[in-house]
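Coordinate analysis (summary)
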Amino acid sequence: MSGPNLRRAAAARAVDLVTDGMRLGIGTGTTANAFVLLLGERVRAGLDVIGVPTSEATRAACEAEGIRLTSLEECPELDLTIDGADELDGHLRLIKGGGGALLREKIVAHASRRMVVIADAAKHVATLGAFPLPIEVNLFGFGATFKAVQKAIESAGCAGELALRKASGGQPYVTDGGHAIVDARLETIHDPERLSALLWAVPGVVEHGLFLGLASGAILAEARGDEAVVTVLGTP
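Residues numbered from 1 in each chain as written. Predicted model: local features only at pLDDT ≥ 70, side-chain atom pairs only at ≥ 80, totals over all residues. Heavy atoms only, no water.

What to know about unusual backbone geometry
Unlike most non-glycine residues, Leu92 shows phi in positive territory, near 60°. Inspection of the secondary structure puts Leu92 in the loop between strand 4 (87-88) and strand 5 (94-95). The backbone phi angle of Glu187 is positive, close to 70°, even though this residue is not glycine. Its location among the elements puts Glu187 in the loop between strand 9 (180-185) and helix 6 (192-200). (Helix = DSSP H or I, 4+ residues; strand = E, 2+ residues; numbered from the N terminus.)

Focus: the domain arrangement of the chain
How big an interface is tends to be reported as the loss of accessible area on association of its parts. Here the chain is described as being made up of domain 1 (6-125 + 213-234) and domain 2 (133-207). Computed from C-alpha coordinates alone, the two centres of domain 1 and domain 2 are separated by 25 Å. Contacts between the two partners involve 13 residues from domain 1 and, on the opposite side, 15 residues from domain 2. Both faces combined, the contact of domain 1 with domain 2 buries some 1100 Å², and carbon together with sulfur accounts for 57% of it. Interface area lost by domain 1 to domain 2 is led by Arg93, Leu102 and Leu103, which between them contribute 44%. For the pair domain 1 and domain 2, the number of links is three salt bridges. Two residues, Arg93 and Glu193, come together in a salt bridge whose shortest N-O distance is 3.1 Å. Along the contact surface separating domain 1 from domain 2 lie six residue pairs in polar contact (both at pLDDT 80 or more). (Domains from an automatic or database assignment. Contact = heavy atoms within 4.5 Å. Buried area = accessible area lost by both parts, 1.4 Å probe. Salt bridge = Lys/Arg side-chain N within 4 Å of Asp/Glu carboxyl O. Polar contact = N/O pair within 3.5 Å; in protein donor to acceptor, adjacent residues only side chain to side chain.)

Some remarks on the UniProt feature "active site" (unreviewed entry) in the chain
The UniProt feature table records "active site" (unreviewed entry) at Glu105. When its relative accessible area of 3% is taken as the criterion, Glu105 is described as buried. Here Lys96 takes part through its side chain, which lies 3.4 Å from a polar atom of the side chain of Glu105. (UniProt positions renumbered as here; feature names shortened; annotations may be inferred. Buried < 20%, exposed > 50% of the residue type's maximum accessible area, 1.4 Å probe, protein only.)

Some words on the nonpolar core
Val18, Leu24, Ile26, Phe35, Leu39, Val49 and Ile118 are the most contacted members of the largest nonpolar core, which totals 27 residues. At the level of secondary structure, the elements contributing two or more residues to this core comprise helix 1 (3-15), strand 1 (23-26), helix 2 (30-44), helix 3 (56-65), strand 3 (78-83), strand 6 (112-120) and strand 12 (217-224). Once you skip the residues sitting within four places of it in the chain, Leu24 turns out to touch Val18, Leu39, Val49, Ile50, Gly51, Val52, Leu78 and Leu80. Counting residues in hydrophobic clusters, the runner-up holds 23 residues, among them Leu128, Cys158, Ala180 and Ala184. (Core = buried A, V, L, I, M, F, W, Y, C linked by side-chain atoms within 4.5 Å.)

Re the pairing of strand 9
With five of six residues buried, strand 9 is to be regarded as a mostly interior element. Relative to strand 9, strand 7 (residues 133-137) runs antiparallel, the two being bridged by five bridges. By the bridge assignment for strand 9, Pro134 is matched with Asp183. In terms of strand pairing, strand 8 (residues 161-164) meets strand 9 through four bridges, oriented antiparallel. Across the sheet, residue Glu161 finds its bridge partner in strand 9, namely Arg185. (Pairing = 2+ DSSP bridges.)

Considerations on the packing of helix 1 against helix 2
In contact at an axis separation of 8 Å, helix 1 and helix 2 are set at 50° when each is read in the N-to-C sense. If you check the angle between helix 1 and helix 2, you find them oblique. The way helix 1 lies across helix 2 gives a crossing that is right-handed. Packed against helix 1, whose contacting residues are Arg7, Arg8, Ala11, Ala12, Ala14 and Val15, the element helix 2 presents Thr30, Thr31, Ala34, Phe35, Leu38, Leu39, Glu41 and Arg42 at the interface. (Axes fitted to C-alpha atoms, helices over the stretch in contact; angles between N-to-C directions. Parallel < 35°, antiparallel > 145°, perpendicular 65-115°, else oblique. Left-handed = near helix turned anticlockwise from the far one by under 90°.)

Some remarks on the sheet that holds strand 10 (residues 205-208)
Read across the sheet, four strands follow the order 8-9-7-10 without closing on themselves; strand pairing throughout is antiparallel. Of all the strands in the sheet, the pair left with one neighbour each is strand 8 and strand 10. Direction aside, the axes of adjacent strands within the sheet are offset by 25° on average. Helix 4 (residues 102-110) contacts strand 7, strand 9 and strand 10 of the sheet and is inclined by roughly 70° relative to strand 10. Together, strand 7, strand 8, strand 9 and strand 10 form the strand contacts of helix 5 (residues 142-155), whose direction differs from that of strand 8 by roughly 155°.

Some thoughts on helix 6
Every buried residue of helix 6 is accounted for by Pro192, Leu195, Ser196 and Leu199. For helix 6, the angular spread of the buried residues around the axis is 100°, confining them to a single face. Where the residues of helix 6 are buried, they touch strand 7, helix 5, strand 10 and strand 11 (210-211). (Arc of directions from axis to C-beta.)

As structure tokens, then:
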């Protein structure tokens, strides 16, 4: 059972949560893109929804599928956000931002009544941290911010290498909002809430990839033989 098939299985269950008239937050990444493709099929079959994309890449994908879009300025309250995750634990705490859209993803999730995560079951972990934690920072004063982030991580009892994310051409990666991303390879985050608070206290940190208290449920797909089996955590 391939990764694309698992992503499609999780996305298919998530599409079943969508009903006529919903205002949707639409996530970013490979699993979220599988959701966009299936949502597009339902829209072309007559489903009436409107969405807020969490990245320019998602905007382009939705437009290609004929999904009607809006903004949080025009529609500041959403019914449901469907998005992927890089890691999630048993308390539905997430690491997100591997695709670089963490700022918009968190804004959209916070504006939603419900956020449901769709993912390969391998993303479900006992303790967060194996996936590098993205930290979005302002380019102004980058050196000082980088050092302050290192100190915050140490104060949270974590240790690991920090690296400025690079684009495919070797230049610094720049988000849709015009910021840089520092990836923190921490291996284990024993107290995500403490780390979150310490990172927020650093001037220059725009956002970080710890999504705490935002997801109400998760839909996870895993391979069992030739079949994709879907399990649900929380309350989608």
